[in-house]
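Summary of the model geometry
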Amino acid sequence: MLKYLFLVFIILSSTLSAQFKIRSSAEINLAINKNEVLGFEKSEKSKTLAFFLSLAIPGAGEYYVNRFDVGKYFLMAEGGLWLTLWGFDYYGRIQRDNYINFAKINGSVNPTGKDSKYWAVIGNYMNINDYNNEKLLNREFNALFDENLYYWNWNTNQERKQYRTLWLSSESAFNNKQFPVALIVINHIVSAINASILASHYNKNLENESIRLIPNVGFDKFYNPEISLTFHKSF
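Residues numbered from 1 in each chain as written. Predicted model: local features only at pLDDT ≥ 70, side-chain atom pairs only at ≥ 80, totals over all residues. Heavy atoms only, no water.

**Looking at the overall build of the protein**
If you tally the helices and strands in the protein, you get 8 helices and 2 strands. The helix and strand sequence of the protein, counted from the amino end, reads α-α-α-α-α-α-α-α-β-β. Among the 235 residues that make up the protein, the fraction classed as buried is 30%. Partitioning the contacts of the protein with sequence separation of at least 6, the portion at a separation of at least 24 is 66%. Here the protein has roughly 15700 Å² of accessible surface; of this, 61% comes from carbon and sulfur atoms. (Helix = DSSP H or I, 4+ residues; strand = E, 2+ residues; numbered from the N terminus. Buried < 20%, exposed > 50% of the residue type's maximum accessible area, 1.4 Å probe, protein only. Contact = heavy atoms within 4.5 Å. Areas by Shrake-Rupley, 256 points an atom, 1.4 Å probe, with all protein chains shown as cover.)

Put into structure tokens, the structure is as follows:
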């Protein structure tokens, strides 16, 4: 009886050993074959698309090439510059309203239909007569103002100076808008060039980097079939 049991044990051991060998061989072959079938590469990023994305919205091209860690600074700069531009414009409009109201009250000015030249001139002369007399002396007849339409008269020289200070502050604010506008344009261009360069670097890195999905098929310790997937990143 013991001989028969020993013989059965030998047969079962040989069978299990053969199964494990088959399993190991099958797993290796499958891994090699599936690695070729299921392997996938990252797609390249378009340098042109990255360029125009950042040209439209600074930081967008960097986000496209997975480098928003750099692009966020261009986006924050964009927001700050637009806020600065709005601040200059807002202050300029406030001061413009102030000097117009000041001229109405203290200079007897009717603001209807007046252009920028008029608002600049009245800060340099006490009244319309002083202005017209100077133009007559210089024979600048085309520069004369119609007294009925363009009348003004400051009560004191201090009022004239106070008006001119308000006018200058408004004009300075409007003129200063050109600086954030120029920086906004530069920010768009620099971000676009940077995004294109980062896209080029991204594509070069793809030549030496890949991610592969490797399946493993085998049996657990209770001889139940099992399948697992392994991600392998190569450089």
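**Considerations on the pattern of salt bridges**
Applying the stated criterion across every chain yields a total of 4 salt bridges. Measuring nitrogen to oxygen at the nearest pair gives 2.9 Å for the salt bridge that ties Arg 93 to Asp 89. Taken together, the positions of Arg 93 and Asp 89, both in helix α4 (residues 68–106) and 4 residues apart, correspond to about one turn of that helix. Classification of Arg 93 as partly exposed rests on a relative accessible area of 31%. In this structure, the salt-bridge partner of Asp 89 is Lys 177, at a minimum N-O distance of 2.9 Å. (Salt bridge = Lys/Arg side-chain N within 4 Å of Asp/Glu carboxyl O.)

**Overview of a nonpolar patch on the surface**
A cluster of nonpolar side chains, namely Phe 52, Leu 55, Val 181, Val 185, Ile 189, Ile 193 and Ile 197, defines an oily patch on the protein surface of about 580 Å² accessible area. Of all the elements in the fold, those that place two or more residues in the nonpolar patch are α2 (47–56) and α8 (178–206). When residues of the nonpolar patch are assigned to their parent elements, the largest contribution, 5 residues, is made by α8. Relative to the assigned elements, Ile 193 resides in helix α8. Residue Ile 193 is classed as partly exposed on the basis of its relative accessible area, which comes to 43%. (Patch = residues over 30% accessible without salt bridge, like charges linked within 9 Å, V, L, I, M, F, W, Y side chains within 5 Å.)

**Considering the side chain of Ser 170**
When you line up the elements, Ser 170 lands in helix α7 (residues 157–176). Apart from residues no more than four positions distant in its own chain, Ser 170 is found in contact with Gly 92, Gln 95, Arg 96 and Tyr 99.

**Quick word on the packing of aromatic side chains**
One pass over the full model with this rule turns up 16 aromatic pairs. When the centroid spacing of 5.7 Å and the interplanar angle of 45° are considered together, the rings of Tyr 118 and Tyr 150 count as tilted. Taken together, the residues Tyr 118 in helix α5 (residues 116–121) and Tyr 150 in the loop between α6 (128–137) and α7 connect sequence positions 32 residues apart. By relative accessible area, which is 0% here, Tyr 118 ends up buried. Judged by relative accessible area, Tyr 150 falls into the partly exposed class, the value being 24%. (Phe/Tyr/Trp six-rings, centres within 6.5 Å; stacked < 30°, edge-to-face > 60°.)

**Focus on α6**
Among the residues of α6, Ile 128, Tyr 131, Asn 132 and Lys 135 are the ones counted as buried. Along the axis of α6, the buried positions cluster into a sector of 90°, meaning they face one direction only. Contacts from the buried residues of α6 go to α5. For α6, the side-chain oxygen to backbone nitrogen distance between the N-cap and Asn 129 is 3.1 Å, and the N-cap itself is Asn 127. Two residues or fewer past α6, Arg 139 is found with a positive phi of approximately 55°. (Arc of directions from axis to C-beta. Polar contact = N/O pair within 3.5 Å; in protein donor to acceptor, adjacent residues only side chain to side chain.)

**Some details on the nonpolar core**
Counting residues in hydrophobic clusters, the biggest one holds 19 residues, and the most contacted among them are Trp 119, Ile 122, Trp 152 and Tyr 163. Secondary structure elements with two or more residues in this core: α4, α5, α6 and α7. Here this core takes 4 residues from α4, the largest share from any one element. Excluding anything up to four places from it in sequence, Trp 152 contacts Gly 107, Val 109, Tyr 118, Val 121, Ile 122, Tyr 125, Met 126, Asn 127, Ile 128, Tyr 131 and Phe 145. Core analysis: the next-biggest nonpolar cluster, separate from the first, contains 5 residues, Ala 50, Val 65, Ala 195 and Leu 198 among them. (Core = buried A, V, L, I, M, F, W, Y, C linked by side-chain atoms within 4.5 Å.)

Coordinates in, geometry out; function isn't part of it.
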